[in-house]
Amino acid sequence: MMCNTVDKIKDLILAAGEKARLETGNEAEPELSRNVQWPVTCTVGPGLEGAIACESKIGYVHGAKGWLIYRGYDIFELCAYSTFEEVSFLLMHGHLPNSRELELFKNKLIGYRKLNKTLRWLLGFDVEAMNAMAALRMGTNFMRQEFTYMDQEGGRPTTSDAISSDEDSIPMETLPRGEERAIYEFKDFQSRKEPQADSDLQNTWGVEACYHLISGVATIAAAIARNRKGLLPLEPDPSLGHAANFLYMINGRKPTPVEERVMDIALILHADHGMNASTFASVVTASTLADVYLSVGSGIAALSGPLHGGANEEVIKQLKEIGDPANVKTWVDNKLAAKKKISGFGHRVYKAYDPRARVLGPLAECLSEENAEARNLFNIASALEKEMAVRMSQEKKIFPNVDFYSGIVYSTLGIDPEIFTPIFAVSRVAGWTSRVLEYLSHNRIFRPRAIYSGEFNKKYAPVESRG
Ligand code: COA
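Summarised in this report is the structure supplied together with it. Residue positions are counted from 1 within each chain, in the order its sequence is given. Given that the model is predicted, a residue must reach a pLDDT of at least 70 before its local features are reported, and side-chain atom pairs must reach 80 or more before they are shown or counted; all residues, however, enter totals for whole chains, interfaces and linings. Side-chain numbers come from the whole structure's heavy atoms, not from hydrogens or water.

Pairing between two strands is assigned when DSSP locates at least 2 bridges connecting them. Numbering of helices and strands runs from the N terminus; a helix is a DSSP stretch of H or I covering at least four residues, while a strand is a stretch of E covering at least two. The three strands are arranged β1-β2-β3 in an open sheet whose pairing can be described as antiparallel. Edge positions in the sheet fall to β1 (59–62) and β3 (73–74), since each has one partner strand and no second. Pairing geometry for β1 and strand β2 (residues 67–70), over four bridges, is antiparallel. Pairing of Y60 across the sheet is with I69, part of β2.

The structure is reproduced here in structure tokens:
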């Protein structure tokens, strides 16, 4: 099926949703939300498997049914009809925005796209030689410095202090950006209440910083993508939506409606996913009352690993290493014999086909139809999926995950593999910030235990007598 129009893409997603419902119809219905009495009893395995970290109303993943739900809405429906802006608002504020809220929210994000100081500081480093996720993490630290005076001792700076700290040391007509907003936000962080978007989306504690991050992580990722090609960052285009502007800032040309839609869908799909490693890392950091920029920095660090967000880049390396569909069987034999994991397969929670891969697989197939290189990768991926299905789907319940087809989709949009994981962060920042705000509304610092299995009663020996 060709997907040369936005409508055809919608049909493809709805068909994928229907297929998911049919294929998992026989699975037992899950036990849905009920009142939780703390403390709860649960069985905990290594890697905190099965442990319950907190309650949340943001999102739900059901492993056997292959469900992914954001605030009560099914992922297939959101992918078919909504945009990343709507979904980010939904995750953070609990309801889909009305048209006025959406307009205000979009304008907020547009206003925060420009990160001139952040990019100037960031590009002062050798970013093209750096791991892209390490650079992204550094960029969010610089955003923090651009936006807030939190680190200054003595509380809120006076107007004259703020102006004289301006880089040109001349009085400005307006107050520096951080002055009005940041101090309030972080000070108010102490007295927390449920994050509500009031009618004007006014600054409530921390929410403004979350908007700043949802918008700004995309600007930084795009600048890193261009820098790696030896190009300067581009000015954002306020006439474009979030997904389209992100593509524009990477590629330097306005995307087609299909390209824009595909990026929007990819961002929606990756926006939230239960208490995954990077979300947990963000929330743990926030639970110490570290601010939301540093919390998102923890999320980026956790996401960078090949067992989590880094898997999408690994998948493309694998497919290139296989080289041809005919080589798949031998390649899998060798990998499994060496007890190596195959990137893009398996999941801690899903023991059914990952619903995100159900969307990305058909998208990769139809988008690669007119792109020979991507087509070759898709053909290898498809053969690999079939081979893995024979070996792993029945006994071990291992299926393709979100990372298996996402790289092929991104490559049809002209994006290099090193930027795949940063794109994951551009999307997941909506989930991280929403979950951080939610957790802080009933904060308790995280402090699990470790079982000590070391020794006792050893006697200190001076260094000379240690052999
Ligand atoms: N390839 C081959 N075997 C796999 C596998 C994979 N991708 N994923 C899991 N397995 C096997 C394990 O070797 C293990 O086999 P065993 O019972 O014989 O020891 C069994 O399936 C259970 O796996 P386990 O490692 O306990 O799963 P987990 O819940 O700890 O890990 C992942 C989940 C995602 C970390 C794991 O599946 C993985 O490493 N996948 C590849 C990386 C990836 O794509 N990550 C992105 C996730 S969205």
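For the rest of this paragraph, the subject is the site of the ligand. Not every one of the 17 residues close to the ligand is listed here, only the nearest: I342, G344, F345, R348 and K396. Counting of polar contacts relies on pairs of N or O atoms within 3.5 Å, with two restrictions inside protein: one atom must be capable of donating a hydrogen and the other of accepting it, and residues adjacent in sequence are counted only when both atoms are side-chain atoms. One nitrogen or oxygen atom from the main chain of L307 is found 3.1 Å from a nitrogen atom belonging to the ligand. The contact in question runs from an oxygen atom of the ligand to an N or O atom on the side chain of K341, over 3.0 Å. Protein chains bury 67% of the 870 Å² of accessible surface belonging to the ligand in isolation. Following the grouping adopted for this structure description, the nonpolar residues are Ala, Val, Leu, Ile, Met, Phe, Trp, Tyr, Cys and Pro, the charged ones are Asp, Glu, Lys and Arg, and the polar ones are all others, Gly among them. Of the residues in the shell around the ligand, the class split is seven nonpolar, six polar and four charged. Definition of nearness: a residue and a molecule or strand are near each other if at least one heavy atom of the residue lies within 4 Å of the molecule or strand. Only the protein chains shown count as covering a residue, and every accessible area follows the Shrake-Rupley method with a 1.4 Å probe.

The topology assignment puts S278 in helix α12 (residues 277–287). Looking at S278, its side chain comes within polar contact range of the side chain of N276, at 2.9 Å. A polar contact of 3.1 Å, which involves the side chain of S278, links it to the side chain of W432. When near neighbours in sequence (up to four residues on either side) are disregarded, S278 contacts G299, A302, L303, H308, R428 and W432. Contact between two residues is taken to exist if any of their heavy atoms lie within 4.5 Å; hydrogens are not considered.

So, on to the state of the cysteines. Any two cysteine sulfur atoms lying within 2.5 Å of each other are counted as a disulfide. According to the stated counting rule, one finds one disulfide in the structure shown. Paired through a disulfide, C3 and C366 show a sulfur-sulfur distance of 2.0 Å. Handedness of the C3-C366 disulfide follows from its S-S torsion of about 95°: it is right-handed. Taken together, the residues span a long stretch of sequence, with C3 in the segment before α1 (6–23) and C366 in helix α16 (residues 355–367) at a distance of 363 residues.

If you look at the biggest cluster of nonpolar residues, it comprises 124 residues, and the most contacted ones within it are Y70, L384, I408 and I415. At 14 residues, helix α9 (residues 207–227) tops the list of elements feeding residues into this core. Each nonpolar core is a collection of buried residues, namely Ala, Val, Leu, Ile, Met, Phe, Trp, Tyr and Cys, held together in the definition by side-chain atoms within 4.5 Å. Using a 1.4 Å probe on the protein chains alone, a residue whose accessible area is under 20% of its type maximum counts as buried, one over 50% counts as exposed, and one in between counts as partly exposed.

Bringing the pattern of salt bridges into the picture now. Any carboxyl oxygen of Asp or Glu within 4 Å of a side-chain nitrogen of Lys or Arg constitutes a salt bridge here. One pass over the full model with this rule turns up 20 salt bridges. One salt bridge connects E455 with K458, and the closest N-O pair in it is separated by 3.4 Å. Overall, the relative accessible area of 55% leaves E455 in the exposed class. Among the residues examined, K458 registers a relative accessible area of 62% and is labelled exposed. Here the salt bridges do not stand alone but share partners, grouping K329, D333, E387 and R391 into one network.

Attention shifts here to helix α15 (residues 328–337). All buried positions along α15 are accounted for by V328, W331 and V332. Across the axial projection of α15, the buried residues extend over an arc of 95°, all falling on one side. When the buried face of α15 is taken as reference, the exposed residues oriented beyond 90 degrees from it are N334 and A337. Among the structural elements, α14 (311–322) and α17 (372–393) are those in contact with the buried residues of α15. Taken from the residues just after α15, K339 is the one with a positive phi, measuring 55°. As used here, the arc belongs to the directions running from the helix axis to the C-beta atoms.

Taken residue by residue, a regular strand's side chains alternate between the two faces of the sheet. Once β1 ends, the chain turns through four residues before running back antiparallel as β2, passing G66 with a positive phi of about 70°. Here β2 runs beside β3; their pairing, made up of two bridges, is antiparallel. Paired with I69 across the bridge in β3 is D74. Following β2, the chain reverses through two residues before pairing antiparallel with β3; R71 in that reversal takes a positive phi of roughly 50°.

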